[in-house]
Amino acid sequence: MSLWKYVSIREDVFNKTLDEKVAPSLYEIITGETSDKIYSDPEEFINITYVTESLKRLVNEIINVFASGNGKIIILPSTFGGGKTHAMILLYHLIKRPDLLSKILDEKNEEKAKILSNVNVIVIDGLDKRTAPSPMPNEVLEDKGVKISTLWGYIAYKLNAYDLVKQYDESLVSPERSILSQIFSNKKVLILIDEIGMYYNRFYEAPDPEIAKKLEKYAKQVVIFLRVLSESIGNNSVAVVISIPAEPTERGYKIESGYEKFVEEIDREILRKALVAERPIATDIDYANVLKKRLFTKIDTENARLIRRKIRSLSVDHPDLIKDLGDEIEEHYPFHPLYIYVLREIVEKNKDLQKTRDALKITRKVVRNLFDKVRDLSLIMPSDIDIRVEDIRSKIVTNSFTGFDLVVNKIIGKTREIPVEEDVKPEIYRDLAFRLALYIFLRTYIYDPHLEPRSEYPGKIEIISGVYDPERFEQYLISPVRVSELLDKITSGSIEYRVPHLYSREGYYWVTRLLDIEERVIKE
């Protein structure tokens, strides 16, 4: 029943050097700077893409623009690592290979594919001057004797209409609506604009006062240009997709730190007129399916049904210790549903991390570590995010949480030396103690807890469900009851068992970096 009999891992997962290349920038695709075929080749890229319903709707919106001739601004709201760049790369590849559309929409529709033919695609990536020139020193784009200093100059140049905006480009002033309409006339155009917030911010950070005023003026013109662009495309076959570093909430936009001014400007000028697309990756199921697509070439779900029945049986026998996860097992397989939940909590609440991007990086490391060290397992568990492995620890205990470094060392040290009952293998029992402590750590360190319980912290049933893999522990006669007893010992038991910095009260468990109670007693 071992997991490795039922899944096949992608070869690239074993290549550590690719961990930092799991999410290339848009400009790297356009300029050919990424040599990995899974990103640069349209068919390979689509094969590793999990197509969410929101992605399908985005693709259909683009098709409708070209079919109707009614232009549209589409906003992709998402903070770092939320899938927006991946969505743009997908759109870029579809324009290059319309014949692959059926793989995205799960339908053969030659008419829709035909609509995507002969589309001019223009990429603006604020991270690279070759796709986003500016008047900053060394960022003017020179090509075939033409010097381009602005986004509007770049778009016009790509559409062989630079002469129409030459004076506007040289004076750093946005062209009028009529000029842009003329540029787009009788053309099908898709404009992909990524990292525009970063592009905008740089113009307010110029150290040289002589150029600072010029750049600030240009920054304001960029916002004006986006408004004029939105007004000029209504009767043209032009789709403009813009990513912004913010996400909509019931109370307005939750803006990524440092981008408040830019998003407020964009909100005032174009957001209310634009179509705001749904977040590309929004749910736990989305996260699970993205990871499955990117890490595995084959997943046999027959085993998932067996595991579901096993866990349901355990939950019937131990209703206070094991959650009945029902269909969630099959939906998330080969991941335990709590693996996705815990991972998502970490990458979305740890501000040093970039959501889907770092979820992929962390899980690549987890899968490699498991494949090398663990043969008997039925699911990839939350406690497999093993911070005893430095490569994994560095992605969890990041710069904002370095205060937990000593805490982690103490947890590792203590769980290696706790007393072991006679009928259990010491290494298995102590590994279980560590995994229980690890689950509590992973679930709560992101809140930087103090000494009071909070409703966000896990209870006993969640912790045991997130650690107990029957394939690993039943062979050693370790039941959920024994796991529960050990959890009590390491969080509130005698000094010889109690793990530093772990607390439990009112049914909640958490970790804190504050001085541990045992250390306080010793000090006093």
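Read on for a plain summary of the structure. Each chain carries its own residue numbering, running from 1 in the direction its sequence is written. Local features in this predicted model are restricted to residues whose pLDDT is 70 or higher, and side-chain atom pairs enter the listing and the counts only when it is 80 or higher, whereas totals over whole chains, interfaces and linings include all residues. Neither water nor hydrogens contribute to the side-chain values; these are computed over all heavy atoms in the structure.

This brings us to the overall build of the protein. Labels follow the DSSP assignment, with helices taken as runs of H or I lasting at least four residues and strands as runs of E lasting at least two, numbered in each case from the N terminus. Of regular secondary structure, the protein possesses 25 helices and 13 strands. For the radius of gyration, the atom set is restricted to C-alpha positions; the globular benchmark scales as 2.2 Å times the number of residues to the power 0.38. In terms of overall dimensions, the protein is globule-like: its C-alpha atoms have a radius of gyration of 27 Å, near the 24 Å expected for 524 residues. A principal-axis box enclosing the C-alpha atoms of the protein has dimensions of 85 × 60 × 40 Å. Only protein chains enter the accessibility calculation, which uses a 1.4 Å probe. A residue is then buried if its area is under 20% of the maximum for its type, exposed if over 50%, and partly exposed in between. By the burial criterion, 59% of the 524 residues in the protein qualify as buried. Partitioning the contacts of the protein with sequence separation of at least 6, the portion at a separation of at least 24 is 72%. We call two residues contacting when some pair of their heavy atoms lies within 4.5 Å.

Attention now goes to the packing of aromatic side chains. Stacked, edge-to-face and tilted are the three classes for Phe, Tyr and Trp ring pairs, Trp counted by its six-membered ring, which pair at centre distances within 6.5 Å; planes under 30 degrees apart are stacked, over 60 edge-to-face, the rest tilted. Applying the stated criterion across every chain yields a total of 21 aromatic pairs. Cluster of aromatic residues (ring-pair linked, three or more members): Trp-152, Tyr-199, Phe-203, Tyr-218 and Phe-225.

Below, the discussion takes up unusual backbone geometry. For the peptide bond that leads from Tyr-333 to Pro-334, omega is 10°, which places it in the cis range. Inspection of the secondary structure assignment puts Pro-334 in the loop between α16 (328–332) and α17 (337–349). One non-glycine residue, Lys-144, adopts positive backbone phi at about 50°. Within the secondary structure, Lys-144 sits in the loop between β4 (141–143) and β5 (146–148). Positive phi, close to 60°, is recorded for Leu-172, a residue that is not glycine. In this fold, Leu-172 is placed in the loop between α9 (162–171) and α10 (177–184). Given the relative accessible area of 9%, Leu-172 is considered buried.

Here the focus is the nonpolar core. Definition of nonpolar core: a set of buried residues of the types Ala, Val, Leu, Ile, Met, Phe, Trp, Tyr and Cys, connected through side-chain atoms within 4.5 Å. Core analysis: the biggest nonpolar cluster contains 130 residues, and Leu-190, Leu-192, Ile-396 and Phe-441 have the highest contact counts within it. Broken down by element, the residue count for this core peaks at 12 residues, all from helix α21 (residues 426–444). In this view, Leu-190 contacts Ile-62, Phe-66, Leu-91, Ile-95, Val-119, Asn-120, Val-121, Ile-122, Ala-239 and Val-241; residues no more than four positions away in its chain are not counted. Within the second largest apolar cluster, 57 residues are counted, among which are Ile-122, Val-146, Ile-148 and Ile-266.

It is worth spelling out α9 at this point. Among all positions of α9, only Tyr-162, Val-165, Tyr-168 and Asp-169 are buried. An end-on view of α9 places all buried positions within 125° of arc, on one side of the element. What points out from α9, more than 90 degrees from its buried face, is the exposed set Asp-163, Gln-167 and Glu-170. Where α9 is buried, its residues contact β5, α8 (151–158) and α10. This arc describes the spread of directions from the helix axis toward the C-beta atoms.

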